[in-house]
Amino acid sequence: MKSVLSLFGMLTMASVGAAEVAPAANLSESTSSRLKLTFTPAVPVEKPAVDPSPAVLLPKFEVRDSQVKLSPRDVQTGAALLAEAKARYLNPVYQKTGGQLMAVVELIANPLGGWHPNAATAMTFYAQDERMRRIKESNELIEVHQGDPAKYRELKELLFDTYQHGPDRRPGVLQRR
């Protein structure tokens, strides 16, 4: 048992350091020479000097591209988008009556959802408006391919598949062409 403890002490001394383990392990010179274990203390690595200035110098470069035009819709927060949707799609009478009733129904259906009158209705109308806007923009881009009937038809089908409301189209199911 004593030899197992001394072996454990030697292995610990080799991995941690002789100065930290030697007093606790109480090992003799003969044990280390008999096991033929050598120990090299770790040399502390010097840290590189850190430049105190926070500036980073980049190489000079020239930008030859135009800036990206962002619409207000691209940079609006969720709260601002909701406020705009309520103002655009819901009249004040609906907001005071129908919206409150819909909020009660939503609260009964999902009690942990919280009280958000008019939010779901306004965002539904907003989502439909965005869908129609994207379809219109895509149609304008597809019109470029009218000279190639196969490519034009393929792109029209992809557009229909992308923005349809129903279930996924499957082979064998009646499809609109």
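None of the values given here were measured: they were computed from a predicted structure.

### Comments concerning the overall build of the protein
Along its length, the protein carries nine helices and zero strands. Element order for the protein, N to C, with α for helix and β for strand: α-α-α-α-α-α-α-α-α. The buried share among the 177 residues of the protein stands at 16%. Residue pairs in contact within the protein that sit at least 24 positions apart in sequence constitute 45% of those at least 6 positions apart. Here the protein has roughly 14,900 Å² of accessible surface; of this, 62% comes from carbon and sulfur atoms.

### Section: the pattern of salt bridges
This model, assessed by the stated rule, comprises eight salt bridges. With a closest N to O distance of 3.5 Å, Arg64 and Glu62 form a salt bridge. Residue Glu62 is classed as exposed on the basis of its relative accessible area, which comes to 61%. Through salt bridges that share partners, Arg73, Glu130, Arg133, Arg134 and Glu137 make up one connected network.

### Overview of the confidence of the model for the protein
Predicted confidence across the protein gives a mean pLDDT of 75, with 72% of residues reaching 70 or more. Low pLDDT, under 50, characterises residues 16-25; the predicted model gives this stretch 11 contacts beyond four residues in sequence or across chains.

### Quick word on the packing of helix 5 (residues 78-89) against helix 8 (residues 119-142)
Helix 8 packs onto helix 5 with a crossing angle of 85° between their chain directions and a minimal axis gap of 8 Å. In this view, helix 5 runs roughly perpendicular relative to helix 8, as classed from their interaxial angle. Two secondary-structure elements touch here, helix 5 through Leu81, Leu82, Ala85, Lys86, Arg88 and Tyr89 and helix 8 through Ala119, Ala122, Met123, Phe125, Tyr126 and Asp129. Taken together, the residues of the contact of helix 5 with helix 8 break down into nine nonpolar, no polar and three charged.

### With respect to helix 9 (residues 149-163)
Each turn of an α-helix holds 3.6 residues, which means side chains three or four residues apart point in the same direction. When the terminal C-alpha atoms of helix 9 are compared, their 21 Å separation across 15 residues agrees well with the 21 Å that a helix rising 1.5 Å per residue should span. When helix 9 is considered as a whole, its buried residues turn out to be Leu155, Leu159 and Tyr163. One side of helix 9 carries all its buried residues, which in axial view fall inside an arc of 50°. Seen from the buried face of helix 9, the exposed residues on the opposite side, beyond 90 degrees, are Pro149 and Ala150.

### So, helix 7 (residues 98-109)
With 12 residues, helix 7 ought to run about 16 Å at 1.5 Å a step, and its terminal C-alpha atoms sit 17 Å apart, in line with that. Taken residue by residue, helix 7 has Gly98, Gly99 and Ala103 as its buried positions. Buried residues along helix 7 cover an arc of 135° about the axis, so they all sit on one side. Residues Leu101, Val105 and Ile108 are exposed on helix 7 and point more than 90 degrees away from its buried face. Those residues of helix 7 hidden inside the fold are in contact with helix 6 (92-96).

Conventions used here
- Residues numbered from 1 in each chain as written.
- Predicted model: local features only at pLDDT ≥ 70, side-chain atom pairs only at ≥ 80, totals over all residues.
- Heavy atoms only, no water.
- Helix = DSSP H or I, 4+ residues; strand = E, 2+ residues; numbered from the N terminus.
- Buried < 20%, exposed > 50% of the residue type's maximum accessible area, 1.4 Å probe, protein only.
- Contact = heavy atoms within 4.5 Å.
- Areas by Shrake-Rupley, 256 points an atom, 1.4 Å probe, with all protein chains shown as cover.
- Salt bridge = Lys/Arg side-chain N within 4 Å of Asp/Glu carboxyl O.
- pLDDT = per-residue confidence, 0-100.
- Axes fitted to C-alpha atoms, helices over the stretch in contact; angles between N-to-C directions.
- Parallel < 35°, antiparallel > 145°, perpendicular 65-115°, else oblique.
- Nonpolar A, V, L, I, M, F, W, Y, C, P; charged D, E, K, R; others polar.
- Expected span 1.5 Å × (residues − 1).
- Arc of directions from axis to C-beta.

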